Amino acid sequence: MGSAFIEGWNFVEVLGEGAYGEVKLAVNDVTNTAVAVKIIRWNGDKQRSADIRKEVCIQKICNHDNIIRMYGTREDATSVYMLLEYASGGELFDRIEPDVGMDPFNAQRLFRQLMDAVSYLFDRGIAHRDLKPENLLFDDYDNLKVADFGLATIFRRQGVERDLDKCCGTYPYVAPEVLAKRPHKAQPADIWSCGVILVAMLAGELPWDQPSVDLVEYKSWTERKSTKPPFNKLDILSLSLLKHILDPNASTRFGIAEIKEHRWYKQRLTKALIRGKSQNNQSSPDPKRFRTLPESGESVISYSQPDMTSRSDSREEMNHNISSDHLASFSQPIDIDNMLLSQIPCTQGSSSQLSQTKMQRLVKRMTRFYVTADRDQAVDDLIRACIQLGYNQKKINAYTFSITTTDRRNSYLAFRVSLLDIDGLLLDFRLSKGDGIEFKRCFTKLKLHLDCLVNDDREPPMLSQC
Ligand code: AMP
């Protein structure tokens, strides 16, 4: 079992990491309830503290089925702990097959859920500002959940809307007016990112590194040419919608109401026949799984993950923008009362020891497979495959390797491989930093290089057997 976080709760797995700190999975000993704890370190910088408080306040406002809920927060001298709804189904990029995409039925279903979440945010005057597949998670029931409000801001209060002027987000998903560092409307910029996400879902690749006319891919799109990948992979209807969403002119770009009226959005698609294993990693929830909590109520732009150290919206702005009735709407489930009230111990054990536990089975991921070899041989072959592919690898401990490389776009990519003994040897890959689709591409290449080790007879565990 993992290290005690607060009495009765244990950290059992690192779910994700970033410049700010980590997201860990905490499970209650008795009730088996699971909570994601986002741990953001204070660094003494006033601006950073204000940014953290702003993220917390915005998360508190949100109470929607397609947005990760926050149950409460804790603070100590080192960090703030955001107790979040646990999304056990992994991230959107995990369901996108590089260069292929996903079943259009599923893409439409998920895009509709994304529109519902974004519409909810807009109604409350919130702009997310970093929508991308890495920030779109799934629950047990394959519902999409918007996560990570680290760059979000309030653009409307009491009916008065303000333009945004900060250049923030992640390059391939950012709108041209944001990249141009011009004052811009908040809503069209988020809508643009949703359009890029839709291209990724339907075609399995991103249309450009950034929306700059210096890039031939983007320039040809502005000239309304769609004869090259990824656009030539799309059908006429989805292309027609995307022409309105990825409209370089923010003032004529489709809004949510227009998107919802478009024929592609409204058409009734049928689910593709699934060949062999589940195509998009969909499965029905296992009642034996851990319980998630009941529902309750200057340039900050990067190629993969935004730089959290350079956010600069002021605390005054936050206080000014968030009204007390928003805060009052926040409620918390009983299960985590002790988590919110009891002392946080000063020492928290390292999570490396936890990765060997059965808890690892919790996160639904496609980026893992069983091997037939023993651990020594698997390690040797993994290192050899990395060398052949030109990836750098570093041993973190006996069970974990960190792998780094540059992706097709020359952007930094880092991921971890854990060798887990769960009724056999399982190789589990998790993105640490970089673009999710590029990570999937590297995973696929590594898996091919390890082909003779892969145990195809065994389906990797998607669900807990605890
Ligand atoms: P963030 O910095 O908030 O985007 O979180 C980094 C990564 O941690 C995400 O990409 C997810 O893989 C994971 N993560 C964050 N929040 C959750 C959550 N509520 N449930 C499960 N995994 C999460």
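No experiment lies behind these values; they were computed from the predicted model shown.

Participant: What is the right way to read the site of the ligand from this model?
Facilitator: Lining the immediate environment of the ligand, one finds 15 residues, of which Tyr20, Lys38, Glu85, Ala87 and Glu91 sit closest. One of the side-chain N or O atoms of Lys38 is found 2.9 Å from an oxygen atom in the ligand. At a separation of 2.9 Å, a nitrogen atom of the ligand approaches a polar backbone atom of Ala87. For the shell around the ligand, the secondary-structure elements that each account for two or more residues are strand E2 (9–18) and strand E4 (33–41). Tallied by class, the residues present in the shell around the ligand amount to eight nonpolar, two polar and five charged. Of the residues that make up the shell around the ligand, three or more belong to each of domain 1 (3–87 + 319–331) and domain 2 (92–314).

Participant: Even after reading the chapter, I still don't get empty space enclosed by the protein, so can you show me in this structure?
Facilitator: Think of a ball as big as a water molecule: rolled over the atoms, this probe shows where empty space is left. Each pocket or cavity is described by its volume, and for the second largest cavity that value is around 140 Å³. Lining the second largest cavity are 18 residues, with Arg129, Cys168, Val178, Ala189 and Asp190 positioned closest to its centre. Put simply, the parts of the chain that give the lining of the second largest cavity at least two residues each are strand E13 (168–170) and helix H4 (186–203). Of the residues belonging to the lining of the second largest cavity, the class tally is 10 nonpolar, four polar and four charged.

Participant: Please explain the sheet that holds strand E16 (residues 368–371) as it appears in this structure.
Facilitator: Two pairing modes exist for strands in a sheet, parallel and antiparallel, and in both the strands are linked by backbone hydrogen bonds. The sheet built from five strands is open, its strands ordered E16-E20-E19-E18-E17 with antiparallel pairing. The open sheet has two edge strands, E16 and strand E17 (392–397), and neither has a second partner. Pairwise comparison of adjacent strand axes, ignoring direction, gives a mean angle of 25° for this sheet. When strand E18 (residues 400–406) meets strand E19 (residues 412–421), the two strands line up antiparallel, connected through seven bridges. In the sheet register, Ser402 faces E19, and the bridge partner there is Arg416.

Participant: Where do I start with the pattern of salt bridges in this structure?
Facilitator: With the rule as written, the count across this model stands at 22 salt bridges. For Arg53, the salt bridge goes to Glu75, with nearest N and O atoms at 2.9 Å. Remark: Glu75 occurs in strand E5 (residues 70–75) and Arg53 occurs in helix H1 (residues 46–61); sequence separation between them is 22 residues. What makes Arg53 partly exposed here is its relative accessible area of 27%. Residue Glu75 is classed as partly exposed on the basis of its relative accessible area of 42%. The salt bridge partner of Glu438 is Arg408, with a shortest N-O separation of 3.6 Å. Residue Glu438 is found in helix H13 (residues 436–449), and its partner Arg408 is found in the loop between E18 and E19; the two are separated by 30 residues along the sequence. Given a relative accessible area of 3%, Glu438 falls into the buried group.

Participant: In this structure, what is going on with the packing of aromatic side chains? I would like to understand it.
Facilitator: Aromatic ring pairs: the centre-centre distance and the angle between the two ring planes describe each pair. Inspection of the entire model under this criterion finds 16 aromatic pairs. Pairing Trp192 with Tyr218 gives two aromatic rings, centres 6.3 Å apart and planes at 65°, and the pair type is edge-to-face. Of this pair, Trp192 sits in helix H4 while Tyr218 sits in helix H5 (residues 216–222); the two residues are 26 residues apart in sequence, bridging distant segments of the chain. As far as the burial class goes, Trp192 and Tyr218 line up, both buried. Both rings, one in Trp208 and one in Tyr218, keep their centres 4.9 Å apart while their planes meet at 80°; by these two values the pair is edge-to-face. Of the two residues, Trp208 is situated in the loop between H4 and H5 and Tyr218 in helix H5; the sequence distance between them amounts to 10 residues. By the burial criterion, Trp208 is buried, and Tyr218 matches it. Taken together, the ring pairs in this structure connect Phe93, Phe369, Tyr391, Phe415, Phe429, Phe439 and Phe443 into an aromatic cluster. Sitting over the face of the ring of Phe11, Lys24 holds its NZ or CZ atom 4.8 Å from the ring centroid. Taking NZ or CZ as reference, Lys38 lies 4.7 Å from the ring centre of Tyr20, over its face.

Participant: Would you take a moment to explain the confidence of the model for the chain for this structure?
Facilitator: Regions with low pLDDT should not have their predicted coordinates read in detail. Per-residue pLDDT for the chain averages 82, and the proportion of residues at 70 or more is 78%. Note that pLDDT drops below 50 for residues 307–333; the model gives that stretch 64 contacts with residues more than four away or on any other chain. Within the model, pLDDT remains below 50 along residues 343–361, and this stretch shows 53 contacts once partners closer than five positions in the same chain are excluded.

Participant: Please clarify how the side chain of Ser193 should be interpreted in this entry.
Facilitator: Tracing the sequence through the fold places Ser193 in helix H4. Taking relative accessible area as the criterion, Ser193 reaches 6% and is therefore assigned buried. Excluding residues that lie within four positions of it along the chain, Ser193 makes contacts with Leu131 and Tyr173.

Participant: Looking at this model, I keep getting lost on helix H2 (residues 104–123). Mind explaining?
Facilitator: An α-helical turn contains 3.6 residues, so any two residues separated by three or four positions project in the same direction. The terminal C-alpha atoms of H2 lie 28 Å apart, and with 20 residues this matches the ideal 28 Å at 1.5 Å per residue to within 8%. Of all the 20 residues making up H2, 14 are buried; the element is thus mostly covered by neighbouring parts of the structure. Among the residues of H2, the N-terminal cap falls to Asp103, whose side-chain oxygen and the backbone nitrogen of Phe105 are separated by 3.1 Å. Positive backbone phi, at 75°, marks Gly125, one or two positions downstream of H2.

Participant: Before we go on, may I ask you to explain the nonpolar core in this structure?
Facilitator: One broad trend across soluble globular proteins is that nonpolar side chains are buried collectively. Phe111, Leu114 and Met201 are the most contacted members of the largest nonpolar core, which totals 93 residues. For this core, the element with the highest residue contribution is H4, accounting for 13 residues. With residues up to four places along the chain from it excluded, the contact list for Leu114 reads Leu136, Leu144, Val146, Cys194 and Ile197. Ranked by size, the runner-up nonpolar core spans 20 residues in total, among them Val27, Ile52, Ile68 and Val80.

Participant: Explain the packing of H2 against H4 to me, please; I cannot follow it from the model alone.
Facilitator: When two helices pack together, their arrangement is given by the angle between the helix axes and the distance between those axes. With their axes 10 Å apart at the nearest point, H2 and H4 run at an angle of 165° to one another. Taken together, H2 and H4 sit at an angle that is classed as roughly antiparallel. As H2 runs across H4, the sense of the crossing is right-handed. Contacts between H2 and H4 involve Pro104, Ala107, Leu110, Phe111, Leu114, Met115, Val118 and Phe122 on the former and, on the latter, Gln187, Asp190, Ile191, Cys194, Ile197, Leu198, Met201 and Leu202.

What counts as what
- Residues numbered from 1 in each chain as written.
- Predicted model: local features only at pLDDT ≥ 70, side-chain atom pairs only at ≥ 80, totals over all residues.
- Heavy atoms only, no water.
- Near = heavy atom within 4 Å.
- Polar contact = N/O pair within 3.5 Å; in protein donor to acceptor, adjacent residues only side chain to side chain.
- Helix = DSSP H or I, 4+ residues; strand = E, 2+ residues; numbered from the N terminus.
- Nonpolar A, V, L, I, M, F, W, Y, C, P; charged D, E, K, R; others polar.
- Domains from an automatic or database assignment.
- 1 Å grid on protein atoms, 1.4 Å probe; cavity = no way out; pocket = protein on both sides within 12 Å on 5 of 7 lines; lining within 4 Å.
- Points joined across faces, edges and corners; volume = space filled by probe spheres on them.
- Pairing = 2+ DSSP bridges.
- Axes fitted to C-alpha atoms, helices over the stretch in contact; angles between N-to-C directions.
- Salt bridge = Lys/Arg side-chain N within 4 Å of Asp/Glu carboxyl O.
- Buried < 20%, exposed > 50% of the residue type's maximum accessible area, 1.4 Å probe, protein only.
- Phe/Tyr/Trp six-rings, centres within 6.5 Å; stacked < 30°, edge-to-face > 60°.
- Lys NZ or Arg CZ within 6 Å of the ring centre and 35° of its normal.
- pLDDT = per-residue confidence, 0-100.
- Contact = heavy atoms within 4.5 Å.
- Expected span 1.5 Å × (residues − 1).
- Core = buried A, V, L, I, M, F, W, Y, C linked by side-chain atoms within 4.5 Å.
- Parallel < 35°, antiparallel > 145°, perpendicular 65-115°, else oblique.
- Left-handed = near helix turned anticlockwise from the far one by under 90°.

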